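Below are the chains, spelled out letter by letter.
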Amino acid sequence: MRSGLLCVAAWMLILSGVQAQQPQSAFPVRYVPKHALLAVGIRPAQMLSSDTVRKLVPLFQNGRLLNPLHGVPIENVERLMISLSIIDPAIGRFHTAFILQTQEPIDQDTVIETAIPQNRVILYGGQRYRKDTDSQFRPVSVWFPDEKTLIVAEGDGAMETVIDSAAMKTPPVWHSHVKPDASVMAYENVSRGQELIEMGMEMMRQMSRNRRHATRPLMFPADPSLVVLEPFLGMFAPLWQDVDTMVWNVSVGDDMQLEVVADVEENGSVEAVEETLDAVRLLKKNAFAYLAKHDQKTNDAFSKAFSAFLQMSDDLLKTTKITREERTIRVTASWSGEKMEKTIASMVPTMIELRARSRRIQSKNNMKHLGIAMHNYHDVHGQFPPPVITGPDGKTPVSWRVAILPYIEANELHKQYHFDEPWDSEHNKKLLDQMPSVYRHPDDETESTNTSYFAIVGEKTAFGPKDGDGIRFADIFDGSSNTWMIVEAKKKVPWTKPDDIAYDPEAKKLPVFGGWYKDGFHAAFCDGAVRFIEKTLEDETVRKLIERNDGQIVEFPR
């Protein structure tokens, strides 16, 4: 919870840490669907050009926090809006739309190649957009309203709602609350979000009733803390029962100015909303004061960032004012630019660390998917794929990574591969750019066509020798949970090339694994489990984990 708060707070600070520039054109709110639940707007190019952030750009670059957005360099993005729309709250279905407006014309070919290399043109509302034809789940659509605007929408029908919104002649009332000079803005359709809150509270009531009336232990007993949450939410009910919409504006010059504008519904109580906001201010002040008093200050990045976050919250609350204009309530606060710069600097290392953790988890998930694919291949063929498969001509070598394509939801790509031609033939080389993302390490370049996951090849390994047949589960005498199958490594090997990591049990030195992290690497075991292998693991133990039939069982820590 603490790390999540810090990440959100850090991004809000960084994206708002800019010098005010006049005049500024407004955010492209006309593209936000009228039924959107949330919408957030930021100014990346302005952020990167500011004195406050310019000093931190090298740190962002080293942490790879400035990656292109859908193929558009972030320094070219003048305004970015992200909207989230509820489609079916009962099953948690949402539509997401990214609206980018740039300083220079967009390279449309690069965007299409990056976001939807396989697509078809759709005509709707007098507009043309492209829809992904490769995704088996929620297809992505791309629309270029003009040469400096890009809209990427996720989910069936999402792009149509954006086009409909752009065609509206009368914008919703909340549009007027967005300041044209805001560095960051956010919109919340509170009345729409009430569906989710009410549904969640009804689930809590049902769980509570099940617990009270159950005559035997429940398979999934209710968590008592969830029952307590309902009256807690009720304490703030006027904010989500009486408020229609809420708009946040963050403007930065010498100081940061925060404004929250809440429109109370026609049948809602303005007094109740105002009183609740005043109570929230007091409760937050008490909460942050308590946390600050008991904060365990250490030198690690998370502790420093959390302490800065607490101080920022306390500073903002001290300047908070609540005013009322008919059925509109405004909450304003300010924060000094000097303190903002220090807080940003303290939070960036934490963001980098969070990103590194996330990417490590993603790499682990990639290997889990490959392990599942291996098991499915075994179910069909009665064995794991050999490291090198022979093509239909009886002589052309084919990588196992190509052989398992049907088992990683890439059957169409498998059909395009010419198995009677070398991996680097004129035809097959064209397929390199279509590398499934499961073969690419999250820390590798997005355009890289090199694999990051390799089989360990040899007579005693789970893959067997390069010119051998596939290995069966029955051949893994040491047990599938004690034997490595695939390892992480940083090598420049195109994903279709039949080239992996050779292991010789007689060699004095072990093969080189890893390279993505300083402290070790991931290894996928034959049972499908993926574990991080510390760099300090003894060579003798590594050999036992590589060899499938040496009779040396390793009790690897679970």
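Residues numbered from 1 in each chain as written. Predicted model: local features only at pLDDT ≥ 70, side-chain atom pairs only at ≥ 80, totals over all residues. Heavy atoms only, no water.

Digging into unusual backbone geometry
You will see that Glu326, though not glycine, has its phi angle at about 55°, which is positive. You can see Glu326 is positioned in the loop between β11 (321-325) and β12 (328-336). (Helix = DSSP H or I, 4+ residues; strand = E, 2+ residues; numbered from the N terminus.)

With respect to the pairing of strand β4 (residues 119-124)
The pairing of β4 with strand β5 (residues 127-132) spans 6 bridges and is classified as antiparallel. Along β5, the bridge assignment pairs Ile122 with Tyr129. (Pairing = 2+ DSSP bridges.)

Overview of the pattern of salt bridges
Applying the stated criterion across every chain, the model contains 12 salt bridges. As a salt-bridge pair, Arg281 and Asp278 come within 2.2 Å of each other at their nearest N and O atoms. Of this pair, Arg281 and Asp278 are both found in helix α10 (residues 270-294), 3 residues apart, which corresponds to roughly one turn of the helix. One salt bridge connects Lys544 with Glu540, and the closest N-O pair in it is separated by 3.6 Å. Remark: Glu540 and Lys544 occur in helix α16 (residues 539-546); sequence separation between them is 4 residues, near one turn of the helix. (Salt bridge = Lys/Arg side-chain N within 4 Å of Asp/Glu carboxyl O.)

A few points about the environment of Val388
Turning to its location among the elements, Val388 is positioned in strand β13 (residues 388-390). C-alpha separation for the pair Val388 and Val398, spaced 10 residues apart in sequence, amounts to 5.5 Å. Sequence-distant contacts of Val388, defined by excluding residues within four places in its chain, comprise Pro397, Val398, Lys466 and Pro498. (Contact = heavy atoms within 4.5 Å.)

Observations concerning the nonpolar core
Judged by nonpolar contacts, the single largest core of 35 residues is most densely connected at Ile404, Ile408, Tyr439 and Ile486. Elements supplying a minimum of two residues to this core: α12 (337-381), α13 (400-403), β15 (453-457) and β16 (484-488). Here the element with the most residues in this core is α12; it accounts for 5 residues. Filtering out sequence-adjacent residues up to four positions away, Ile408 remains in contact with Leu370, Ala373, Pro436, Val438 and Tyr439. Counting 32 residues, the second largest nonpolar core, distinct from the first, contains Val72, Ile116, Trp335 and Met347. (Core = buried A, V, L, I, M, F, W, Y, C linked by side-chain atoms within 4.5 Å. Buried < 20%, exposed > 50% of the residue type's maximum accessible area, 1.4 Å probe, protein only.)

Notes on the sheet that holds strand β18 (residues 520-525)
Reading across the sheet, the 5 strands line up as β17-β15-β16-β18-β19 and stay open at both edges, with mixed pairing between neighbours. At either margin of the open sheet sits one strand with a lone partner, and together these are β17 (501-502) and β19 (530-534). Direction of pairing for β18 relative to β19: antiparallel, over a ladder of 5 bridges. From the neighbouring strand, Ala524 faces β19, where its bridge partner is Val530.

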